[in-house]
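Residue-level structural notes
Letter by letter, the chains look like this.
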Amino acid sequence: MTDVGRHPRIKLFTLSEIVDIKGYVGNFDIKILKKARYVSEQECTACGDCAAVCPVVRPDEFNLGLSSRKAVFTPFPQAVPSAYVVNVNECLGHNPVVCAKCLEACEKGCINFHMSDDEIEERVGSIIVATGLEPYDPTELDEYGYTRFENVLTSLEFERLINAGGPTKGKLIRPTDRRRPKSVGFIQCVGSRSARKGSSYCSNTCCMNTIKSTLVLKEHYPDIDIKVFYIDIRAFGKGFEDLFMRSRRLGVHYLRGLPGNVEELPDHRMRVAVENTVTGRLEFFDLDMLVLALGMKPSKSTRGLQEMLGLQLTPDGFYLEAHPKLQPVDAAARGIFYAGCAESPKDIKDSVTQASAAAVRAIRLMHTGEIYTEPITSQIDPEKCNACGKCVEICPYNAITKGIRKKTPCVVNTAACAGCGTCAAECPYDAIVMNHFTDDQINNQIDSMLEKSSREKILVFACNWCSYAGADYAGVSRLQYPPNVRIIRTMCSGRVDEKFIFNGFLNGAPVVLVSGCHMGDCHYIDANRWTEKRVKKIRKKMEKLGIRPERLQLEWISAAEGSRFAEIMARMENLRQRVSIQEISETIEILKNQEKMTQN
Amino acid sequence: MEPAPSINTKPQMRIGVYVCHCGSNIAQTVNCSKVSDTASRLKDVVISKDIAYACSEPGQQEILQDIEEHDLERIVVASCSPRLHEPTFRQMMKSAGLNPYLLEMANLREQCSWVHLNEPDAATQKAEDLVKMAVSRARLLQPLEQEKLPLTKRSLVIGGGIAGIQASLDLADNGYEVLLVEKNASIGGTMAQLDKTFPTMDCSI
């Protein structure tokens, strides 16, 4: 930690948050909000004179409220940067009439109440997301009595109690009587591996963390009685099984079964009722203290950052990697990498491994100092452009400019164009060509797909980042769906032109599905809003023409929703079976007449 | 960017189609030789083959050799998802002196063999369709050029827990500037709150 503070090439921003990110791989423009510390980071020597005179006493968050701190404080003794901080909401005020004791106590004059929040703008080439975890909040698991009984602790609270730097200097005490407990029980999988409460995934570290705690306890107090209530012990890592065996050899009692109920006895001991799944009997244990092995949840900041960066999440709420096996630290968006528990629950060793991998992936990208951009951008045919400016209004990236003089054709700035193709789909004059996803290329795919037995087929448009990836995920998970589905990939659902859909129906498609990222998850800021609008418009048009609008469907499917993709395909097949040959031929007739009319 | 040149005007376009078995991943469900046979009769396809592993070194060599021998201009690889191996095959195109955007892929694994495991006939039919669609698209592909832009050699690390710290140090020690952003008053994250840590049973800080 201290290496970070000292490193000449690391600029550390604490009390800071990212409030905005623009741009792309190679050149991201970021805005950092740095909140005022009210103590100079450079000057403060962490002598503690200020805290000694501060009259405000508050629970200490670092020790989870097991000790107290002042309104001017250091989070913990080894903190980096090694400077105190004022919690200005708790501070009585710097007016000498009210308090200002710390100002007087600080000989170096580091405390400055006139500091204000700062907004800092910077440019970077790559981003590593290492936003960590949130421990599970066990209050909803009322059967363990965490909110009702003082002697039921979380694993993190236990960590602070057994820590030599903690509030008791490492002496384990029972909160009700401050005496050393003679027996301690650990309950595993609190908030993990449960479909009912908490999360269904395994949090990966809690088994080993408990085993470690039992070893520490046995080292401090060899005669202490320890019981561990578990579903399975997952000691899969290098050297882990040895630790588990050591713990058992030291007499720790591992009991298979999670308690159903915890009650408090008059002497504040905990009575644990558990069905021992080895003996098949209901057993009762009276223990001095109970520790809940908390699972991990994604950090609260995940959602906001995900939207800012256009990233994807798994159904569990952790960040989704580009490929679970071959690109486990890359985000699908280029130039963004994951490290640590932001991507999934993991222990320190795995976090460190992934962080080093993420650093190397970032270096691999940046080392030449140059970046190649995808040529999948749109271009405007000046002959056809009527300078209506619709594309200028649509482009999520403001990459299109309208001529200053009236009726000068619009121009695409290819460096700013991200290639969603929404402009090409919306242009009323067909003046925009979307490179690599041109009208002709896509229409050719539709034509050849529907050339034979069109009535049997389901035409699906899927966006590269979410729904196409969701279809891939269905494959990786071997989820089976009807084999008559034919997928056409576009970069964004915003590219799916009205023409493509009518071309599909004209060629005899019974049903058409347009699919894209969920609202707010669009890889192209909010281009899928246009998809939604367009599909609504087309369905109205279909109704007017006498084509059943239900035959056109719109669905949002994320990259992690393989099962949702498969379900939707089954639903589409259901829908297709209800479209008769006669209905299809009628539609073809209607659309042919329509074509003739527009030609005349 | 200049408007892309019009579609190839040669009398006949020369397309090569490669249907990958992916070991048994595709071949156990999809009849790959039948798919490649059907593809060989498509317009502008001058060569069509099924191949054990298209992405492997021998697989790529075989395609490269064919490009040379048969003067192929466009390639259709029917294998796994383009999200996985499109960069691989684009690189192969480049090494053959072809524009990488004249490659088209048909997704026969993630979106065909793996999702229709018990319907080999229907899956083969689908594979034939997917290859036909890919060839029809390949016929209209146009060469595109990537643009080179300057890059900022700095990294932003969001979060100062153990992962953020390690990533920052690795980057900085390799000579890159790092901005490390942490929402709390100190770095250290959850790890700093732990006492001893497994498997070494030593202090966390």
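Since we're looking at a predicted model, the values are computed, not measured.

Quick look at unusual backbone geometry
Along the chain, Val-80 of chain A connects to Pro-81 of chain A via a cis peptide bond; the corresponding omega equals 0 degrees. For Pro-81 of chain A, the location among the structural elements is in the loop between strand S6 (72-73) and strand S7 (85-86). Following Phe-198 of chain B, the chain continues to Pro-199 of chain B via a peptide bond in cis, the omega torsion being 0 degrees. Of note, Cys-189 of chain A is a non-glycine position whose phi angle comes to about 55 degrees, a positive value. You can see Cys-189 of chain A is positioned in strand S12 (residues 183-190). Located in the positive-phi region is Asp-71 of chain B, a residue other than glycine, with phi close to 55 degrees.

Looking at the interface of chain A and chain B
At the junction of the two partners, chain A supplies 101 residues and chain B supplies 81 residues. Per element, the largest residue contribution to the side of chain A that touches chain B is eleven residues, and it comes from helix H8 (residues 348-366) of chain A. For the side of chain A that touches chain B, the class distribution of residues is 53 nonpolar, 31 polar and 17 charged. Where strand S21 (residues 370-373) of chain A and strand S5 (residues 147-150) of chain B come together, four bridges link them in antiparallel fashion. By the bridge assignment, Ile-371 of chain A is partnered in S5 of chain B with Leu-149 of chain B.

Re the pairing of strand S17 (residues 281-287) of chain A
All names here are of chain A. Of the strand pairs in this sheet, strand S16 (residues 270-276) and S17 are connected by seven bridges, and their pairing is antiparallel. When the sheet's bridge partners are listed, Val-274 is paired in S17 with Glu-283. Counted between consecutive antiparallel strands, the loop separating S16 from S17 contains four residues, among which Gly-280 sits at a positive phi close to 75 degrees.

Overview of the domain arrangement of chain B
The domain boundaries assigned to chain B delineate domain 1 (15-138) and domain 2 (154-203). Centre-to-centre, using C-alpha coordinates, domain 1 of chain B lies 45 Å away from domain 2 of chain B.

Considerations on the domain arrangement of chain A
Per the domain assignment, the segments of chain A are domain 1 (2-125), domain 2 (134-297), domain 3 (373-436) and domain 4 (441-599). For domain 1 of chain A versus domain 3 of chain A, the separation of C-alpha centres amounts to 47 Å.

Considerations on the environment of Glu-69 of chain B
As for its placement among the helices and strands, Glu-69 of chain B is situated in helix H2 (residues 57-70). Distance in space between the C-alpha atoms of Glu-69 of chain B and Arg-90 of chain B is 19 Å, their sequence separation being 21 residues.

Overview of the pairing of strand S18 (residues 289-294) of chain A
Residues and elements named next belong to chain A. Here S18 lies mainly inside the structure; six of its six residues are buried. Of the two faces of S18, the one carrying Met-289, Val-291 and Ala-293 and the one carrying Leu-290, Leu-292 and Leu-294 are both buried. Pairing of strand S11 (residues 152-154) with S18, which is carried by three bridges, proceeds in the parallel orientation. Within S18, the residue paired with Val-152 across the bridge is Leu-290.

Observations concerning the sheet that holds S16 of chain A
Residue and element names in this part refer to chain A. Here we have three strands laid out as an open sheet, ordered S15-S16-S17, and antiparallel in their pairing. The open sheet is flanked by strand S15 (259-264) and S17, the only strands paired with a single partner. For this sheet, the mean inter-axis angle between neighbouring strands, taken without regard to orientation, is 20 degrees. In the sheet, S15 pairs with S16 via five bridges, with the strands oriented antiparallel. Following the sheet pairing, Asn-261 is matched in S16 by Ala-273.

What to know about the environment of Lys-406 of chain A
All names here are of chain A. Mapped onto the elements, Lys-406 comes out in the loop between strand S23 (400-401) and strand S24 (411-412). Here Lys-406 falls in the exposed class, since 7 other C-beta atoms lie within 10 Å of it. Separated by 160 residues in the primary sequence, Lys-406 and Ala-566 have C-alpha atoms spaced 50 Å apart.

Procedures and definitions
- Residues numbered from 1 in each chain as written.
- Chains lettered and ligands numbered in written order.
- Predicted model: local features only at pLDDT ≥ 70, side-chain atom pairs only at ≥ 80, totals over all residues.
- Helix = DSSP H or I, 4+ residues; strand = E, 2+ residues; numbered from the N terminus.
- Contact = placed C-beta atoms within 7 Å.
- Nonpolar A, V, L, I, M, F, W, Y, C, P; charged D, E, K, R; others polar.
- Pairing = 2+ DSSP bridges.
- Domains from an automatic or database assignment.
- Buried ≥ 20, exposed ≤ 12 C-beta atoms within 10 Å, placed from the backbone.
- Axes fitted to C-alpha atoms, helices over the stretch in contact; angles between N-to-C directions.

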